[in-house]
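Survey of secondary and tertiary structure
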Amino acid sequence: MSVLVSIERELLGLGYSADALHRAYSFADVLDSAAQTRTVALAAFTQTPESFRSAAFGVIEGGSDSAAAVMANRALGAPIFFSIDSTDVGVWAVGAQAPRLLERVPVDQLSDLFSRYHESWTPQALHRAKSLDLPRGPIQVDFIDLGLLPAIEQEVQHKLHRTMAEVLDLLLPSDAEQERQKDAFRLTFRLLAAKILIDREHPAAADWVHDDASAVLSGIQGYYGLGLLGSEVAAVTADGIVAAWARLRSSITLRNISSDSLAFVYENTLVTADTRKLFGTHSTPRPLAEYVLSQIDLSRCDPETVRIAEPFAGAGIFLVAALRELRDLLPPDWPADRRHQFLVDRLVGAELDAFACEVATLSLILADYPNANGWHIRSTDLFKVGALSTFLEGATLILCNPPFEDFTVEERQDYPEASAVSPSKAMVALHAAIDARPEALGFVLPRGVLQQAKYRKLRSRLSAAYARVELVSLPDRIFEKATYPCALLIASDRRPLANATMPVRLISKTVADAGRAQFLVDGVVTSRRETIRPASEGDLWIGELDAIWSYLADAPILGDHFEIFRGLQWRSQRAGVHDEPGSKRVRGLYKPADSLMPFHLMRPVWLSTDPGLNLYPGPLTRAWDKPKVLINNQRSSRGPWRLVASADDSGLWASQQFSGIWPIGSYDTRALAAILNGPLANAFVTEHSSDHDFTNIMLASMPLPRKLDMVALGAAVREYEALLDEKRHAVLVGNDYDSRLDRLLVWIDALVLDGYDLPPRLERQLFSYFEGRERPVQHDFSGWLPADLKGYVPLYEWLTRDHASNHGAWVLDVFKPVPDDENDALARFLT
């Protein structure tokens with residue numbers, strides 16, 4: 001018996017199906033710049049369709065340098081390789097870097113090798129180890145390198161994107177009308193699907209004449225029942241189709257591609273900016289879909305009654321993720337046609353864009369390869385009367401990434417019933433999902449749903465309907481092409497109607513901007529909080545600093561002592577901003593990024609006060625000549641340092657990108673600037689603003705210090721401003737300026753925080769919130785307290801008293817170690 005046959009027999013014994021084992025398996029080496037086709041003697045996959053995501057084992061034969069051969073074939077995606085030599089078999093762990101030899105075993109001891117690794121090498125164990133959305137469980141597979149899959153996927157997406165862009169260029173000119181573009185995209189996807197079947201050596205493609213584009217199109221349409229192409233082909237020249245098919249055929253083999261790459265092509269190559277805007281398209285990243293499903297846990301669902309619906313399905317990413325997870329839960333002895341029919345009966349999607357429906361269908365087809373079509377993806381306008389409720393009827397799980405846009409004026413006329421529920425399309429979708437009463441739901445939503453007052457009623461409905469609600473605040477740029485601030489909502493454990501007032505278990509998670517890449521790789525969040533609250537409150541979000549805001553609940557607020565107004569807004573920015581003085585022009589500030597730093601205003605320009613150019617009359621009536629504080633009204637960074645403030649006594653005006661804050665009484669504007677530039681105010685706006693903007697309502701609710709030495713604080717700010725000015729005009733600027741400014745800023749923060757009178761533990765929690773974040777000031781900032789400080793000491797107290805005893809190992813000076821004989825006696829007593 002050959003060694004290859006022995007390995008096949010052992011893999012079958014582990015539970016690998018015969019159709020998941022492939023002799024002489026060819027694939028594209030996407031990790032190589034030339035992307036040449038490589039072949040391994042044997043490839044084993046945890047499930048079909050085979051791809052780098054499901055690859056489990058690769059086998060290579062012969063050769064003097066096994067390490068180099070394994071390295072050359074790592075784009076297969078298998079975490080384990082066997083190298084067959086003349087007398088033994090090498091076992092290799094394969095990752096993003098160089099492969100690692102685990103051991104060598106004689107050929108006659110292969111059975112012992114597989115017995116030792118039986119628990120770790122089964123299809124289920126390896127699939128769970130490779131799948132980022134599934135828990136690892138008790139089996140620890142330390143040879144899995146999770147860096148390999150992202151590396152392969154990135155290269156597959158890059159090469160496929162480049163190829164498909166070239167194919168599109170051959171099919172239509174860049175200035176083609178939108179409908180013709182979509183026709184060409186539909187044609188392109190049929191060609192892509194045909195190449196996949198050909199490269200995967202599917203029997204349906206065996207009789208096609210592979211170099212005849214028309215025959216290939218006819219074959220793919222017939223196999224999948226995609227409908228005949230008529231005018232679509234007529235819109236493109238025959239030569240263009242032939243050239244496009246030739247280019248696609250000559251590209252990398254798609255045998256090892258995953259279904260996620262289709263969605264990537266859809267989002268990055270085949271959807272124009274106009275189409276994205278028109279349909280609110282923002283394709284769900286696969287890790288988001290997998291994360292949502294991992295938190296819902298389909299294993300808890302009744303397989304006989306489960307029905308999963310994805311409205312506004314786009315490319316069907318949620319459905320594909322659900323298909324994978326459901327399929328993993330099916331009995332392994334079910335034949336392929338039974339599994340296929342089970343999944344087809346339980347997954348349904350709807351989407352307005354017919355092309356997106358086709359993409360979703362193709363994604364499901366590929367994920368369930370080699371089965372044929374049958375998927376229920378409807379091209380439906382879900383905002384029409386009754387359409388959404390009808391589609392969701394009977395669903396036990398609703399997964400959705402709805403359009404985030406509000407209804408336009410024209411759409412409000414077209415959809416009066418839907419837009420009456422909410423001006424937000426996403427909120428209409430969520431209301432309908434709650435009405436459908438599924439067992440669980442998972443939504444991607446605008447981040448405003450976490451805290452904004454306008455969504456309070458909807459949050460109350462959620463907590464009344466479900467006993468467990470998880471919210472995840474996501475960073476910007478979580479989508480490949482869309483930049484909406486968004487969040488995840490995962491609700492489960494549906495309540496009986498009679499128990500709608502019982503407490504709700506709340507879980508709040510944050511993915512910081514710095515943790516975005518890690519979350520997309522392995523689903524790890526930056527922070528997690530959990531609590532139980534009454535269901536009727538509508539306050540579902542648990543902030544990282546909720547203990548601080550609770551402590552300050554009875555503190556005075558900004559709106560009690562100040563008026564807050566936005567600056568000038570023009571019909572045309574070009575007409576409103578000028579470099580030179582003129583009629584109806586005033587000195588003012590245009591962009592915060594150009595003119596606002598903490599405690600410093602700069603680069604004023606001339607702003608138009610012409611009523612004919614201004615959209616709103618209110619800003620023209622403000623007391624711009626009076627003392628005030630100017631702040632940015634959109635965040636200045638993605639981190640927690642988002643708010644910048646400076647007092648102004650010179651009568652500057654400002655554009656709508658600023659807010660002006662005027663004292664109602666005798667509050668010192670420089671003291672207010674100190675508060676707003678400090679850590680507590682910045683933490684407040686970070687925790688309480690769910691999108692880019694700072695609303696006046698949110699700013700007005702900001703807590704102010706209960707007591708404040710206004711004279712000392714104002715003097716410190718003026719000294720800081722004077723030193724900043726001196727530094728800017730100095731011929732030679734040495735480190736002395738930075739150290740003095742640093743000490744002054746810390747002292748200003750100390751005076752402000754002393755006014756809040758936070759318990760030391762909460763003040764330290766506030767400082768930790770900014771740990772590792774660069775403060776946006778014009779000098780070095782060393783932080784507030786020494787890194788080796790052991791005790792909890794308020795900053796003001798630390799700066800005004802001697803606390804040398806808090807440094808170092810002071811505990812051993814206070815608490816002496818127990819003598820050895822007493823320690824031994826105590827140990828004997830306790831045991």
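Rules of the game
Residues numbered from 1 in each chain as written. Predicted model: local features only at pLDDT ≥ 70, side-chain atom pairs only at ≥ 80, totals over all residues. Heavy atoms only, no water. Salt bridge = Lys/Arg side-chain N within 4 Å of Asp/Glu carboxyl O. Helix = DSSP H or I, 4+ residues; strand = E, 2+ residues; numbered from the N terminus. Buried < 20%, exposed > 50% of the residue type's maximum accessible area, 1.4 Å probe, protein only. 1 Å grid on protein atoms, 1.4 Å probe; cavity = no way out; pocket = protein on both sides within 12 Å on 5 of 7 lines; lining within 4 Å. Points joined across faces, edges and corners; volume = space filled by probe spheres on them. Nonpolar A, V, L, I, M, F, W, Y, C, P; charged D, E, K, R; others polar. Pairing = 2+ DSSP bridges. Axes fitted to C-alpha atoms, helices over the stretch in contact; angles between N-to-C directions. Contact = heavy atoms within 4.5 Å. Polar contact = N/O pair within 3.5 Å; in protein donor to acceptor, adjacent residues only side chain to side chain. Parallel < 35°, antiparallel > 145°, perpendicular 65-115°, else oblique. Left-handed = near helix turned anticlockwise from the far one by under 90°. Phe/Tyr/Trp six-rings, centres within 6.5 Å; stacked < 30°, edge-to-face > 60°. Lys NZ or Arg CZ within 6 Å of the ring centre and 35° of its normal. Core = buried A, V, L, I, M, F, W, Y, C linked by side-chain atoms within 4.5 Å.

1. A few points about the pattern of salt bridges
All told, the structure shown has 37 salt bridges when counted by the stated rule. For E411, the salt bridge identified is with K425, shortest N-O distance 3.0 Å. Of this pair, E411 sits in helix α18 (residues 409-414) while K425 is found in helix α20 (residues 425-436), placing the two residues 14 residues apart along the sequence. In this structure, E411 and K425 share a single accessibility class: buried. Salt-bridge contacts for D476 lead to R635; the nearest nitrogen and oxygen are separated by 1.8 Å. With D476 in the loop between β12 (466-473) and β13 (486-494) and R635 in the loop between β22 (628-632) and β23 (645-648), this residue pair connects regions lying 159 residues apart in the sequence. For the pair D476 and R635, a shared accessibility class is recorded, and that class is buried. Through salt bridges with shared partners, a single network forms among R53, E153, R286, E290 and R324.

2. Description of empty space enclosed by the protein
All chains considered together, the criterion is met by five cavities of 30 Å³ or more. Taken as a whole, the second largest cavity holds about 100 Å³ of empty space. Residue lining of the second largest cavity: A28, V30, F52, A75, I152, V156, I252, T253, L254, N256 and I257, and that is the complete set. Counted by class, the lining of the second largest cavity contains nine nonpolar, two polar and no charged residues.

3. Concerning the sheet that holds β23
Here we have four strands laid out as an open sheet, ordered β16-β25-β22-β23, and antiparallel in their pairing. The open sheet is flanked by β16 (562-566) and β23, the only strands paired with a single partner. Across the sheet, the axes of successive neighbouring strands diverge by a mean angle of 25°, strand direction being ignored. Most of the contacts of helix α27 (residues 669-677) go to β23, to which it runs at about 170°, and overall it touches β16, β22, β23 and β25 (658-663).

4. Brief notes about the pairing of strand β5 (residues 88-93)
Counting buried residues along β5, six of its six residues qualify, which places the element largely inside the surrounding structure. On β5, burial covers both faces: D88, G90 and W92 on one face and V89, V91 and A93 on the other are all buried. Direction of pairing for strand β4 (residues 80-84) relative to β5: antiparallel, over a ladder of five bridges. By the bridge assignment, I84 is partnered in β5 with V89. Taking the residues that link successive antiparallel strands as the turn, the β4-β5 hairpin has three residues.

5. Notes on the side chain of R190
By the secondary structure assignment, R190 is in helix α7 (residues 178-199). At 3.4 Å, the side chain of R190 and the side chain of Q221 are in polar contact.

6. A look at the sheet that holds strand β3 (residues 55-61)
In spatial order, the strands read β1-β2-β3-β4-β5-β6; together these six strands make up an open sheet with mixed pairing. Edge strands, defined here as strands with exactly one partner in the open sheet, are β1 (21-28) and β6 (100-106). Ignoring which end each strand starts from, the neighbouring axes of this sheet average 30° apart.

7. So, the environment of A575
On the secondary structure map, A575 appears in helix α25 (residues 573-576). Of the residues examined, A575 reaches a relative accessible area of 25% and is grouped as partly exposed. On a C-alpha basis, the gap between A575 and D610 in space is 9.8 Å, while along the polypeptide they are 35 residues apart. Setting aside residues up to four positions removed in sequence, A575 forms contacts with S608 and L613.

8. Points about the environment of E61
In this fold, E61 is placed in strand β3. Linking E61 and I84, residues 23 residues apart in sequence, is a C-alpha distance of 4.8 Å.

9. Side note on the pairing of strand β2 (residues 37-45)
The buried count for β2 comes to seven of nine residues, which makes it a mostly enclosed element. Where β2 and β3 come together, four bridges link them in antiparallel fashion. Bridging across to β3, A44 finds its partner in F57.

10. What to know about the packing of α20 against helix α21 (residues 456-465)
Relative orientation of the contacting elements α20 and α21 amounts to 25°, with a least axis distance of 11 Å. Classified by the interaxial angle, the pair formed by α20 and α21 is roughly parallel. Relative to α21, α20 is oriented so that their crossing is left-handed. Facing M427, L430, H431, I434 and D435 of α20, the residues of α21 in contact are L458, R461, L462 and A465. Partitioning the contact of α20 with α21 into residue classes produces six nonpolar, one polar and two charged.

11. Notes on the packing of aromatic side chains
For the structure shown, the criterion picks out 27 aromatic pairs. One aromatic cluster is present, formed by Y16, F57, F82, F114, Y117 and W121 through successive ring pairs. Positioned above the aromatic ring of Y551, the side-chain terminus of R706 is 5.1 Å from the ring centre. We note R775 situated over the ring of F781; from NZ or CZ to the ring centre the distance is 4.8 Å.

12. Considering the nonpolar core
Note that soluble globular proteins tend to have their nonpolar side chains buried in a common cluster. L76, I308, L441, F443 and L462 are the most contacted members of the largest nonpolar core, which totals 147 residues. By residue number, the principal contributor to this core is α7, which donates 11 residues. Leaving out residues up to four positions away in the same chain, L441 has contacts with I296, L397, I398, L430, A433, I434, L462, Y466, L489, I490 and A491. One finds V629, F684, M698 and I748 within the second-largest nonpolar core, a separate group that totals 63 residues.

13. Re the packing of α27 against helix α28 (residues 679-688)
Close contact between α27 and α28 brings their axes to 4 Å; oriented N to C, the two are set at 55°. The angle between α27 and α28 places the two elements in the oblique class. Seen from α27, the contacting residues are I675, L676 and N677; seen from α28, they are P679, A681 and N682. Classifying every residue of the contact of α27 with α28 by side-chain character gives four nonpolar, two polar and no charged.

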